[in-house]
Each structure stands twice: as C-alpha cells, then as structure tokens.
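An overview of the molecular structure
Each chain is listed here by its residues.
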Amino acid sequence: MKRWIADNSGPKEPMLPKRFLISLFTFVALLTTSLLAQAQFKKPKIGFLPGVVDPFYQVMEIGVNEAAADYGLEVVTQYPQTWGPTIQTPILDAMVGRGDLTYLIIAPTDKEQMIAPLQRAVDAGIKVITVDTFLGDGDYINGKVTFPLSYIGSDNVEGGKIAARALAKVVGNKGKVYIQNTNVGASTTEQRGKGFKDGIAEFKDMQLAGEDYNLDDAGTAAQQTAAKLQANPDLVGIFGVNVFSAQGAGNAVKSAGLGGKVQVIAFDATKDAIENLRQGVVSLVIAQKPHDMGYLAVAFAMADARGVTSLPRRVTTGYAVIDAKNVDDPSVSRFIYRVGK
Amino acid sequence: MEPMLSVRNLVKRFGGLTAVNHVSLDVYPGEAVGLVGDNAAGKSTLIKCISGVYQADEGEIFFRGERAHFARPIDARRAGIETIYQDLALAGNLGISANIFMGREVKRKYLGGMVHTLDETFMNEASRKVLDTLNIHFANFGEKIEKLSGGQRQAVAIARAVYWQAKLMIMDEPTNNLGVVEQHKVLDLIGKLREEQVPVILISHTLPDVFAVTNRIVVMHRGRRVAEKRTSETNSHEIVQYMVGALDDTR
Amino acid sequence: MGDGTVARQKQLILVFSRVWAWVFLAGLIAFFATSVNIQSRGGVNFLTIRNSQNILMAIVPVLLMGLGQTFVVIAAGIDLSVGWVMGLSSVVSAMVIVALTDRGTYEPLAIVIGCLAGVVAAIIPGLINGVIIATLRIPSFIVTLGMSFIARGVAFLLSGGNVVGGQPQGVRDLGNEALLYLISGSHGGLYFLRPPAVTGEALRQLDRILQWPVVITFVLLLIMLFVLHKTQFGRHVYAIGGNREAALRAGIPVDRHIIVLYALSAATAGIAGVLSTARFSGGSSIAGDPLLLSSIAAVIIGGVSMFGGEGSVSGTLIGALIIAVMTTGLVMLNVQPFWQYIVVGIVVILAVLIDQARDLIIGRMEAG
C-alpha cells in the first residue's frame, strides 16, 4: 500500500492479530448492519473531481483512496486537464451522467461559477462535499449556497496570516515585505495575499512594499522580484503565495547575493518547495493538509450514508509550518506533499 | 473604322529603367494582334498598363473612343477589357459555373428580398450554354477547376470573358504548358472570338501560334515598338530578327 | 470495363473521404455504448438522454468558436484570438448585466442589453483583426495572436481578474433551463418551456432537453450553414480562400469581406462568451482560452483545409461532437480524460492524411 505519511505510526505491532481483529470487526459489523439496517444503508459510491492535476490534489487523492479502502468503498476519480469551470463542468456532467454515483467530492474551480453545475448534480440525487474551495460565501448553513453537505479545506486567509506571523518572527517583527502572487482573481491565492496583508498589519514596524502577479510562472516571479530588490534594498521578506511564486522569488534573492538577508516564505509543501527549503532558496514552507481533506471527505460521505446528521458543515484542516530545522522531524515532514514513488 | 483600343505614346518607368518607351498601338474590332518580343521587351508591362494593374507615366489610352483611366484591374474589367493571365485568375477549389459567375453571382430573392440565395440552376444552365456556343464540351461539368486540364481551364476563362461580353481580350501565353491537342483548342477559341467580333491581343513566345491566329504582329524590343507587320506579309525569320534587335523599323 | 471500375473506385474513395468522420463518430458512440456498459456490468449506460444533453452542452463553446473559425480558415486565414475574445465577451456581458440590474433596470432588458454588449465587445477586436489583416497584409496568425493577448489584458483589466458574479436568476435560467423537460419513470411526463416543480425521485429523473445555449447554438449553426453554402457571401468565402487574386480580379471586395469574416469569427466567440456567462452565472476572462485549440481541432477534423478553400459547417459540427463524445465517454469509462488529447491529436493528423491520401490516390488513378 502507498504510504504518504513517513513514519508516524508508533511502535510496530504484530500484523496478523491486528488484521484479524479488523476483519472480524468488519465481518461482525457487516453482519449486524445487513441484518439490522438492510433497508436503510447503501454503501456510497463516490466520485472525486479535483481542480486540476497537481501534487496538492494528488495527495488529496491518496487520502480519498485510503479512506475508501478502509471503508471498502468504490471511488471514481477524474482529473481535469486545465483549471477552470469550462473544463471541469463537462467532466462533472459526465460523472453525474453515469447515474451510479451517490456522493461527489469536488474541488470547485470557481466558488460562483460552479454553483449552477453542482446544483444539477444535487438535483440528480448526488450529495456534494466540496474540498479546498467552498461555494458561494462558504457558509452552508445560512449562506446563499446550502446544498453541499460540507466544506473541508484550508482557511486561506488564515494561511496568509500564519505566513505573515511566521515571517515576522524570522525577521524580528520589523522591515519591508513584498508579495509574489499568481493571478489576479484566483480566489485561494488572493485570500492568502489578503491574509498576509492583514497579518503584516498586526506588526507596527512592518510595511508592505508591494504585490506583483507572475501568472504562475517562476521565471516571471524571479524577474519581478529582482526588480523589486533593486528598488527596495531594505526588503527583508517575501511571501510567495504558491510553489512557483516562492521558487522564482527565492532564486532572485539567491542570485542577488541576498540569501539569508531576505527571507522567502512559500505556500504549499511540494517536493520542489522542500528542495528549495533545503537549498536555502526559501526560509519557510506553509503546508496545507490535503490528505486530511481527502480522507475526511470520504469519512463524511460514509457517515452521512450511515445516517449521521450532525456533521460539521465547515471544517478547516489547518497548517503546518516547515523550516530548515524541523523539515526532517517526522511529526512535521509527514505534511510534505509526497506523490508516487 | 474606329479602333476599339488605341494606345498613344505610352511610357512606363520603374526607377531609372524605362520598361515601355513611347509605344502606340491600335486594335480594331474582329482583329487578333500578336504582341511578341524577347523577355524583358516590355510586353507584359504594356499589357498591365492597359488592364489597370499599372498606371502609365506618360501617354494616353483610349478605349471605345473614350479616354480611359483604369485605377485598378476591376475598372478595366468593368469597361470590358478581359485579361487572361497565365495563372488564369480562376479559383481552383470552385466549379466551372462558380468560376464563370465569380463576383457576379446570380441570386434568387426570398421574403421580399431579405434573403438571397445563389441561383445554381440558372448559373449552371447559362454556363453550359456559353460553353456550347464556343463548342467546348466537358464530360465532367461538375468538377472543380483544379481537376481540369490546362486547356479546359483556358476554355473556362475564355467562356467567362465571352459570357460577360468582353470588348477586348488580352491573352498572356495562353498555350503555355498545354498539350498539342489542347493548344489547337485554344487557338480555335481565339478564332471563335474573332468571329464574335471580340478583338484579341495575344502575347506568346510560340511564333507558329501567333502566325496561326493573328492578322497583325507587333514586335517590341527593349521597351520600344520596333515593328508592326501584317501577318500575311511577314515570316517568322523576319520577326525573330526584329525580336533580337537585328532589325528595327524606327531607326 | 476497366474505366468503370476505376470510376467506381474513385467514387468510393471520394465518398469515404467525405463520410469517414461521421463513421468515426458513430463508431466512437458504439464503442462507448458497449464498453461503458460492459465495464460497469450494466450499471452505467452511455446512451441516455441525460448524456446526450451533456454532450450537446459540452460542444456549445467549442462549436461556436469553431463556426466563425470555419469561415476564416476557408478564406485561408486563422483566428487565434477567439479564446480570449470569448473571455472578454463573458466579462463584459456579466459586468453590464450587474451594472444595469443594480440600477433597477427591468431584468430581462438588462440581460438582453448585457448579451448584446458582450457580443459587441467581441466584435470590436474582430474588426480590428480584419482591418489589419486585410489592409496591411500582415499574416492572420500574427495579428490574431497579438489580439488574443490584448483581449486577455483588457478582460483582466475590466474584471480585475475576478469572476464577475452577482448575476440575476434570469441569467442562470438562460444558461441552464431548457425547451423541454422530461421526467422518465412511472410518474413521468413531458413539460414545455417551464421546469415542473418536483422534488425527490421525480427531480432526480428530470432531464432538460435542448437547453437554451444548445438551442441558440443550433439556430446559429443552421444560419451559418445556409450562409456558407447557399449565399453569395459564402461563395465568396470559398473564392477568396481558393485564389485571392482571382477573387480580387473578379471584382469581389476581398478586403471588406475579410474584415467581415474576422468580425463574424469574433461574434461567434462573443456569443460563446455570453452563453458561458449564462451557464456559469458569472463572467470569467479565462472561460474560452482552454477551449481554443479544441475548437481549431474540431475545424480541422471537420475537413477544413488550413490552406483555405475547403471545408464545411457540418464538418466542424462533427469535429466538435467527436471531441465532446470522447470527453464524456472516457470519463464514464473512468479513463483519465488526458487520453482525449492523444486521440484528438491522432484524429487531427488522420483527418489531414486522409485528405492528402485521397488526392494522391485519385491523382495516380487519373494519371495512369
């Protein structure tokens, strides 16, 4: 079995009894449920539709698959080739068109534009759980969109704040900082940027020197950062809102000979980001918990199918802050997005 | 008889080069005039001045008795001067009738003139008719032009000119790249045009062709008109002498 | 005897080269119909009303962009700007609708004006494309590539990169409601224009047949079909693509025609943008870009020659259908849709090869 968590399982137990106990338990559980709740319970069949192919969603898929294996559920996973509702919706429609899925775990590619297509899925009898991105205002109880079962994801504004505070700590709570953002209007990265600005505002001796958009290109990020460093020799920190932003910013800092003087903080703990951390290109990495999102979403689907009615409508999975010192600590390194071999 | 086309002292320069040097030329109804000369003698430039591709620097052109100013080729065409170039000016991807009616398609009106559709039936019929009058017969009438032989394409171009009642035909090397049988077909068509009183200016390197269909031959050499002979009163040896500059009536 | 056989063979090759895309599409549908059923042990069906409607909705933007493109490519040009022009139109229409409804304009009127504004916003870059290409003789792919960046920039500037939301219900209805509603099953029924107020199992069985974007697209398709194949305008498109010089000498106003063609291409992209706004109840500048290459692929699969002069509107429809059927079918087979790229790529190359092979074989037959 694929293990994405490094080594956190504590003292090893003999395998056989554990497996035996689980099988026995499952057997008994199945027997009782089939006898007692034969009519009510139908095992969920789950569709998983991420936003696009990237390590973040691939780790989420690992979580989904682990939970599905644990519960003995079938999952149909489809990745869109490109980001955006125009690409995601036809795939969503085809998944709904299958007619055999009862739950859908989806990372909507837009919080407004995916409402109508997902309403259709709900009309067709599919229960929807959104991960990573919420629909509407994210308040599924009193907000404008209430049809999803739950939202499980990171609070990106909070993530930005955590980044700001972590950066402030490293630079001694004072100095000028700068944001390398991806695309105007990409909601998650915008929220991280906003959270970061809010976070910086908490420190009276820290100022924002500006924000640039690199269109998700590390080369552009490097160019913009180099120009910014020229114009602001007193810059102390840079927040790269995602992997490429941070990588470009880090490279620019390094080639300007300012490594160690200007701190770069990166969002998302991909292997590349961690490699950059080890090489000193970035100083801090903020990791989300996509595995938790995936696992929880399946567990929620299972619980709902079982008739659990008190599921939280919004779950934020939190962050881990990784730096050069704790990167090899298993309790932290388990949050690195490890995919494949 | 009044000439259909009268060119007076035409001059066309390109920078320092005088491509056409004070050339005059008259063409009468029912006449076929051969225009010959070596490469760069100025034949093509002269033709392009007449057909509106170039504008002359000096001199005058009279067409059907009136002073003519052709700013663009289409102006010359509208006046009735049809030029059949080597590239034939046909659209290879369209059929015969579509080419004959290109730019002047016949339409049918619906809904009080709000909707126009192509009247294919009429255009096909009319095309067949004009081809018949020229004694041209296609086994493959529905084919695209690009599927036709070179001679057949020439025939379509000529039929188009006839259908639209050209007053003067200019043909630039019409028999190039054609087989012997097809060459004869095209020459026959030139004869037919003369019968219809449509004068023809024929540019050709193939002197036998020129002798076969023209009644007058104009020779150009280095931009000047060096000779004008009745076809019946000259021979190809003499014409060649003029073409290479060994003879020159203007000297 | 020999002549007859050759003629018959020639006929056969011609027919094949014309209908292979239809055959391929039919084969694709048959393949998915059986394999999806077998794979799911009968649990999932490809041939359902819901799926057919999904596929029709999926082809809307690809087909619309492809329709204008068909005209442009037949006239020996190409329009690479339609993707971002579609995004620009989407953003503008959404902004106008929001601005008007916020001022209390009667909702249907606001939507109509907004849609028109979106299409006009698309036509402007199209006209500029056409004028530059026709009068300055700059290759169309360069001009339209430049214009695609400009349209993208303007769309981002206008929207601030955000999705323009806050659309009234009518917009969503335009993009999602339908001409017919069918509830299958015992309590079923057919409803016209207005969705029945049902819940539960009936809602689950409710299929929307011919949603408005599909209806609009197919009306446009018929108009374009008529214009290209039955009118003088269409004939001149072929003439320009076949031999521009000949068209010019024949007195066709070539420059004006080319300008109109690029405006038309932009207009169909603009309609795609407006319909995207409606379907997703929001204007998005990135709505069209990911579909640009698919739309060009649809045009090529449909048999439009990139050298100009050849092609048809129905061909583009098939091209778009092949791509959409593939996406839906692969998802239902639970194969990653990335395979779609590979298959579409093969089909595009195949389409061109078939055309060339046909000309080669027939040429040889005629020669000897």
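Calculation notes
Residues numbered from 1 in each chain as written. Chains lettered and ligands numbered in written order. Predicted model: local features only at pLDDT ≥ 70, side-chain atom pairs only at ≥ 80, totals over all residues. Heavy atoms only, no water. Helix = DSSP H or I, 4+ residues; strand = E, 2+ residues; numbered from the N terminus. Buried < 20%, exposed > 50% of the residue type's maximum accessible area, 1.4 Å probe, protein only. Contact = heavy atoms within 4.5 Å. Areas by Shrake-Rupley, 256 points an atom, 1.4 Å probe, with all protein chains shown as cover. Lys, Arg positive; Asp, Glu negative; His and termini not counted. Charge placed at Lys NZ, Arg CZ, Asp CG, Glu CD. Salt bridge = Lys/Arg side-chain N within 4 Å of Asp/Glu carboxyl O. Nonpolar A, V, L, I, M, F, W, Y, C, P; charged D, E, K, R; others polar. Pairing = 2+ DSSP bridges. Axes fitted to C-alpha atoms, helices over the stretch in contact; angles between N-to-C directions. Buried area = accessible area lost by both parts, 1.4 Å probe. pLDDT = per-residue confidence, 0-100. Phe/Tyr/Trp six-rings, centres within 6.5 Å; stacked < 30°, edge-to-face > 60°. Lys NZ or Arg CZ within 6 Å of the ring centre and 35° of its normal. Patch = residues over 30% accessible without salt bridge, like charges linked within 9 Å, V, L, I, M, F, W, Y side chains within 5 Å. Parallel < 35°, antiparallel > 145°, perpendicular 65-115°, else oblique. Left-handed = near helix turned anticlockwise from the far one by under 90°. Core = buried A, V, L, I, M, F, W, Y, C linked by side-chain atoms within 4.5 Å. Expected span 1.5 Å × (residues − 1).

Attention now moves to the overall build of chain C. In terms of helices and strands, chain C carries 14 helices and three strands. Residues counted as buried form 54% of the 368 residues belonging to chain C. Sequence separation of 24 or more characterises 77% of the internal contacts of chain C that already satisfy a separation of 6 or more. Total accessible area on chain C stands at roughly 15,400 Å², and carbon and sulfur atoms take up 69% of it. A distance of 2 Å separates the average location of the 20 positive side-chain charges in chain C from that of its 15 negative side-chain charges.

Right, let's get into the interface of chain C and chain A. Between chain C and chain A, the contact holds 40 residues from the first and 37 residues from the second. Applying the counting rule to chain C against chain A returns one salt bridge. Arg279 of chain C is paired through a salt bridge with Asp93 of chain A; the nearest N and O atoms lie 2.7 Å apart. Counting residues per element, the ones that place at least two in the side of chain C that touches chain A are helix H2 (49–74), helix H6 (169–176), helix H7 (200–204), strand S3 (206–211), helix H11 (254–279), helix H13 (313–332) and helix H14 (338–367) of chain C. Considering every element that reaches the side of chain C that touches chain A, the biggest residue donor is H13 of chain C, with five residues. Residues that form the side of chain C that touches chain A fall into these classes: 16 nonpolar, 18 polar and six charged.

Turning our eyes to something else, we now look at the sheet that holds strand S3 (residues 103–106) of chain A. Residue and element names in this part refer to chain A. Spatially, the six strands line up as an open sheet ordered S2-S1-S3-S4-S5-S11, and their pairing is parallel. The outermost strands of the open sheet, each flanked by one partner alone, are strand S2 (74–77) and strand S11 (314–316). Averaged over all neighbouring strand pairs, the angle between strand axes comes to 20°, with direction disregarded. Summarising the sheet, strand S1 (residues 45–49) and S2 pair through four bridges and their orientation is parallel. Paired with Lys45 across the bridge in S2 is Glu74.

Below, the discussion takes up the interface of chain C and chain B. Accessible area lost upon the coming together of the parts serves often as the stated size of an interface. Residue-level contacts link 20 residues of chain C with 24 residues of chain B. Counting the surface lost from both chain C and chain B, the interface buries some 1,900 Å², and carbon and sulfur atoms represent 52% of this. Per-residue buried area on chain C facing chain B is highest for Gln232, Arg235 and Arg249 of chain C; these three make up 39% of the total on that side. Taken together, the connections running from chain C to chain B amount to two salt bridges.

A few words now on the confidence of the model for chain B. With 99% of its residues at a pLDDT of 70 or more, chain B shows a mean pLDDT of 88. Element-level pLDDT for chain B is lowest in helix H6 (residues 180–195) of chain B, with a mean of 83, against a maximum mean of 94 in strand S11 (residues 216–221) of chain B.

Take the sheet that holds strand S7 (residues 206–213) of chain A next. Residue and element names in this part refer to chain A. Across the sheet, which stays open at both edges, the six strands sit in the order S7-S6-S8-S9-S10-S12 with mixed pairing between neighbours. Since the sheet does not close on itself, it has two edges, and those belong to S7 and strand S12 (320–323), each with one partner. On average, each strand axis in the sheet is tilted by 20° relative to the strand beside it, whichever way the strands run. Taken together, the four bridges between strand S10 (residues 284–287) and S12 define a ladder with antiparallel strand orientation. In the sheet register, Ala287 faces S12, and the bridge partner there is Ala320. Against the sheet, helix H7 (residues 218–231) makes contact with strand S6 (175–181), S7 and strand S8 (235–240), and its axis sits at roughly 160° relative to S6, the strand it touches most.

Applying the stated criterion to the full structure yields 14 aromatic pairs over all chains. Ring centres of Phe56 of chain A and Tyr57 of chain A lie 5.1 Å apart, and the angle between their planes is 80°; on these two criteria the pair is classed as edge-to-face. For the residue pair Phe56 of chain A and Tyr57 of chain A, the accessibility class agrees, reading buried in each case. When the ring of Phe134 of chain A is compared with that of Tyr151 of chain A, the centres are 5.2 Å apart and the planes differ by 85°; the resulting orientation is edge-to-face. Of the two residues, Phe134 of chain A sits in the loop between strand S4 (127–131) and strand S5 (150–153) while Tyr151 of chain A sits in strand S5, which places them 17 residues apart along the sequence. Taken individually, Phe134 of chain A and Tyr151 of chain A each receive the classification buried, so the pair is uniform in this respect. Members of the aromatic cluster, each reached through a chain of ring pairs, are Phe196, Phe239, Phe267 and Tyr319 of chain A. Cation over ring: Arg128 of chain B sits above Phe141 of chain B, and NZ or CZ is 4.2 Å from the ring centre.

This next bit is on a nonpolar patch on the surface. A contiguous nonpolar surface patch, about 350 Å² in accessible area, is contributed by Val15, Val19, Trp22 and Val23 of chain C. Positionally, Val23 of chain C belongs in helix H1 (residues 2–39).

With that out of the way, let us pick up the packing of helix H8 (residues 212–230) of chain C against H11 of chain C. Residues and elements named next belong to chain C. Look at H8 against H11: their axes get within 10 Å of each other, and the N-to-C directions meet at 165°. Judged on the interaxial angle alone, H11 and H8 are roughly antiparallel. The crossing of H8 and H11 is right-handed. Taken together, the residues of H11 that come into contact with H8 (itself represented by Pro213, Ile216, Thr217, Leu220 and Met224) are Leu264, Thr268, Ile271 and Leu275.

Now for the nonpolar core. Among the nonpolar cores identified, the biggest contains 104 residues, and Phe32, Ile59 and Leu64 of chain C are the most heavily contacted of them. No other element matches the 15 residues that H2 of chain C contributes to this core. Apart from the residues within four sequence positions on either side, Phe32 of chain C is in contact with Asn37, Phe46, Val325, Met326, Gly329, Leu330 and Leu333 of chain C. Counting 57 residues, the second-largest nonpolar core is a separate cluster that includes Met60, Ile129, Val131 and Met302 of chain A.

Once that is clear, we can look at the pattern of salt bridges. For side chains bearing opposite charge, pairing can occur when the charged atoms are close. Applying the stated criterion to the full structure yields 34 salt bridges over all chains. Between Glu310 of chain C and Lys144 of chain B there is a salt bridge, and its shortest N-O distance comes to 3.0 Å. In this pair, Glu310 of chain C is assigned in the loop between helix H12 (292–301) and H13 and Lys144 of chain B in the loop between helix H4 (120–133) and helix H5 (150–163), connecting two distinct chains. With relative accessibility at 29%, the residue Lys144 of chain B sits in the partly exposed group. For the salt bridge of Arg249 of chain C with Glu245 of chain C, the shortest nitrogen-to-oxygen distance reads 3.8 Å. Separated by four residues within a single helix, Arg249 of chain C and Glu245 of chain C lie in helix H10 (residues 244–249), roughly one turn from each other. Among the residues examined, Arg249 of chain C registers a relative accessible area of 15% and is labelled buried.

Here the focus is the confidence of the model for chain C. Overall, the predicted model of chain C reaches an average pLDDT of 91, with 99% of residues at or above 70. Across chain C, element-level confidence peaks in H11 of chain C with a mean pLDDT of 97 and bottoms out in H7 of chain C with 82.

Turning our attention to the arrangement of the chains. Ranking the two pairs of chains in contact by number of contacts places chains A and C first. Nowhere do chain A and chain B come into contact; their C-alpha atoms are at least 36 Å apart.

Moving on, we come to H5 of chain B. Residue and element names in this part refer to chain B. Under the 1.5 Å per step criterion, the end-to-end length of H5 is 20 Å for 14 residues, consistent within 8% with the ideal 20 Å. Counting buried positions along H5 gives 10 out of 14 residues, so the element sits mostly inside the fold. Residues Gly151, Gln154, Ala155, Val156, Ala157, Ile158, Ala159, Arg160, Ala161 and Val162 constitute the buried set of H5. Contacts made by the buried residues of H5 are with helix H2 (73–79), strand S6 (81–84), helix H3 (96–100), H4, strand S9 (168–172) and H6.

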